[in-house]
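Reading the structure
Here is how the chains run, residue by residue.
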Amino acid sequence: MWQQKWVMGNWKMNGRQAANAALLSALRALPASDALVGVAVPAVYITQAAAALADSAVWVGAQDVSRFGDNGAYTGEVSAAMLADAGVQFVLLGHSERRQYFGEDNVLLQTKWQHAVAAGLVPILCVGETLTQREAGEAEAVVAEQLSLLAALKADTVAVAYEPVWAIGTGQVATVAQIGDMHGFIYRQILSLCGESAKIRVLYGGSVNAENAAAILAVPGVDGALVGGASLQAAAFATIIDAAQQASRLAV
Ligand SMILES: O=C(CO)COP(=O)(O)O
């Protein structure tokens, strides 16, 4: 388990320049933290976030990246190289909403991962089962299949976010036992796919809020949180960051 927890916000398709400015300046004003903080913003607001957070410790993230490299005739696409050029440090890959609405699969995500790493970005691979799959006893099999793309990547540093689909935006957070079991499973899977020396980080996401963050971040195998709705509320996000700061200190 890592000492430094990560708290990554995911704004999803939310934000306008004025509201973003307020959120970003609140983030910038937070005291230095032992936790690593980041925000994955809509592509059109990356330059705004990068400017607002310049010379701060807060990472700017993207929510997706093109499967095509650097430049070319791919209308509408944003390459990993462009994200890096605009000041992005990390990128979410395979969020369940992208899997659901854009049909993202392992073959596609493998390519996206390679472009992200080649551009110097930190990819965070999102995995998680639906409620139907959990109720059918398939949660581990589904997550194992989603993680299997790592085998071909020969990655020695892997960041994953476990986001059970049924806990995203529903207020229905997974229990501490469910989180602990799945994070342990994910660790074991990655070790067997990537080798025993792999450096692994597993974040939890799904209805993390100011009230439950401390308990979730205390679960063994939880190296941080990926936060949707609560990352759009400055006070709630600050409380989650504070919980991560405490958890980072406790782990030292
Ligand atoms: O999807 C998520 C983060 O990527 C989680 O969203 P919520 O925190 O809104 O449930």
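Scoring rules and cut-offs
- Residues numbered from 1 in each chain as written.
- Predicted model: local features only at pLDDT ≥ 70, side-chain atom pairs only at ≥ 80, totals over all residues.
- UniProt positions renumbered as here; feature names shortened; annotations may be inferred.
- Helix = DSSP H or I, 4+ residues; strand = E, 2+ residues; numbered from the N terminus.
- Contact = placed C-beta atoms within 7 Å.
- Expected span 1.5 Å × (residues − 1).
- Buried ≥ 20, exposed ≤ 12 C-beta atoms within 10 Å, placed from the backbone.
- Arc of directions from axis to C-beta.
- Core = buried A, V, L, I, M, F, W, Y, C linked by C-beta atoms within 7 Å.
- Pairing = 2+ DSSP bridges.
- Axes fitted to C-alpha atoms, helices over the stretch in contact; angles between N-to-C directions.
- Left-handed = near helix turned anticlockwise from the far one by under 90°.
- Nonpolar A, V, L, I, M, F, W, Y, C, P; charged D, E, K, R; others polar.
- pLDDT = per-residue confidence, 0-100.

- Under an unreviewed UniProt entry, the name given to the protein is Triosephosphate isomerase, and the source organism is Paralysiella testudinis.
- As stated in UniProt under Sequence similarities (unreviewed entry), the record for the protein gives "Belongs to the triosephosphate isomerase family."
- Note on the protein: under the UniProt heading Catalytic activity (unreviewed entry), the record states "D-glyceraldehyde 3-phosphate = dihydroxyacetone phosphate".

Description of the overall build of the protein
- The helix and strand tally for the protein stands at ten helices and eight strands.
- Considered along the principal axes of its C-alpha atoms, the protein spans approximately 45 × 45 × 35 Å.
- In the protein, once contacts between residues fewer than 6 apart in sequence are set aside, the share between residues at least 24 apart is 72%.

Quick word on the environment of Ala230
- Take Ala230: it is sitting in the loop between strand E8 (224-227) and helix H10 (234-251).
- Discounting residues that sit within four places of it in the chain, Ala230 has contacts with Val208, Asn209, Ala210, Ala236, Phe237 and Ile240.

A look at helix H5 (residues 106-118)
- Under the 1.5 Å per step criterion, the end-to-end length of H5 is 18 Å for 13 residues, consistent within 8% with the ideal 18 Å.
- Taken together, the buried positions of H5 are Leu109, Lys112, Trp113, His115 and Ala116. The buried side chains of H5 occupy one side of the element, clustering within an arc of 165 degrees when seen end-on.
- Tucked inside the fold, the buried residues of H5 contact helix H3 (80-85), strand E4 (90-93) and strand E5 (122-127).
- Of the residues one or two after H5, Gly120 is the one with positive phi, at around 85 degrees.

Focus on the nonpolar core
- In terms of nonpolar packing, the biggest core is built from 77 residues, with Val7, Val91, Ile124, Ala225 and Ile240 touching the most fellow members.
- Once you skip the residues sitting within four places of it in the chain, Ile240 turns out to touch Val7, Val208, Ala210, Ala213, Ala225, Val227 and Ala230.

Details of the UniProt feature "binding site: substrate" (unreviewed entry) in the protein
- Per the UniProt record, "binding site: substrate" (unreviewed entry) is found at Asn10, Trp11, Lys12, Gly169, Ser207, Gly228 and Gly229. Annotated residues spanning 220 residues; largest pairwise C-alpha distance 13.8 Å, indicating a single compact cluster.
- Residue placement: Trp11 occurs in the loop between strand E1 (6-10) and helix H1 (17-29).
- Contacts of Trp11, omitting those with residues within four sequence positions, involve Val39, Ala40, Val41, Pro42, Ser231 and Leu232.
- Examined against the element boundaries, Lys12 turns out to sit in the loop between E1 and H1.
- Of the residues examined, Lys12 has 19 C-beta atoms within 10 Å and is grouped as partly exposed.

Thoughts on the environment of Glu138
- Of note, Glu138 is situated in the loop between helix H6 (131-135) and helix H7 (139-147).
- When residues no more than four places from it in sequence are discounted, the contact partners of Glu138 are Glu129 and Gln133.

What to know about the sheet that holds E8
- With parallel pairing, the eight strands of this closed barrel are ordered in space as E1-E2-E3-E4-E5-E6-E7-E8. Across the sheet, the mean angle from the axis of one strand to that of its neighbour is 25 degrees, orientation sign disregarded.
- Judged from the four bridges that link them, E5 and strand E6 (residues 157-162) form a sheet pairing that is parallel. Note on E6: the bridge partner recorded for Leu125 is Val160.

Comments concerning unusual backbone geometry
- Unusually for a residue other than glycine, Asp55 sits at a positive phi of about 60 degrees.
- Non-glycine residue Ser207 carries a positive phi angle of around 60 degrees.
- Position of Ser207 relative to the elements: it lies in the loop between strand E7 (199-205) and helix H9 (213-217).

Points about the packing of H7 against helix H8 (residues 176-194)
- At a minimum axis separation of 10 Å, H7 and H8 run at an interaxial angle of 35 degrees. Both H7 and H8 take part in a crossing whose hand is right-handed. Residues Ala139, Glu140, Val143, Ala144 and Leu147 of H7 form the contact with H8, whose participating residues are Met182, Phe185, Ile186, Gln189, Ile190 and Leu193.
- Residue composition of the contact of H7 with H8, by class: nine nonpolar, one polar and one charged.

Side note on the confidence of the model for the protein
- When the pLDDT values of the protein are averaged, the result is 96; 98% of them are 70 or greater.
- Complex prediction metrics read pTM 0.97 and ipTM 0.99.

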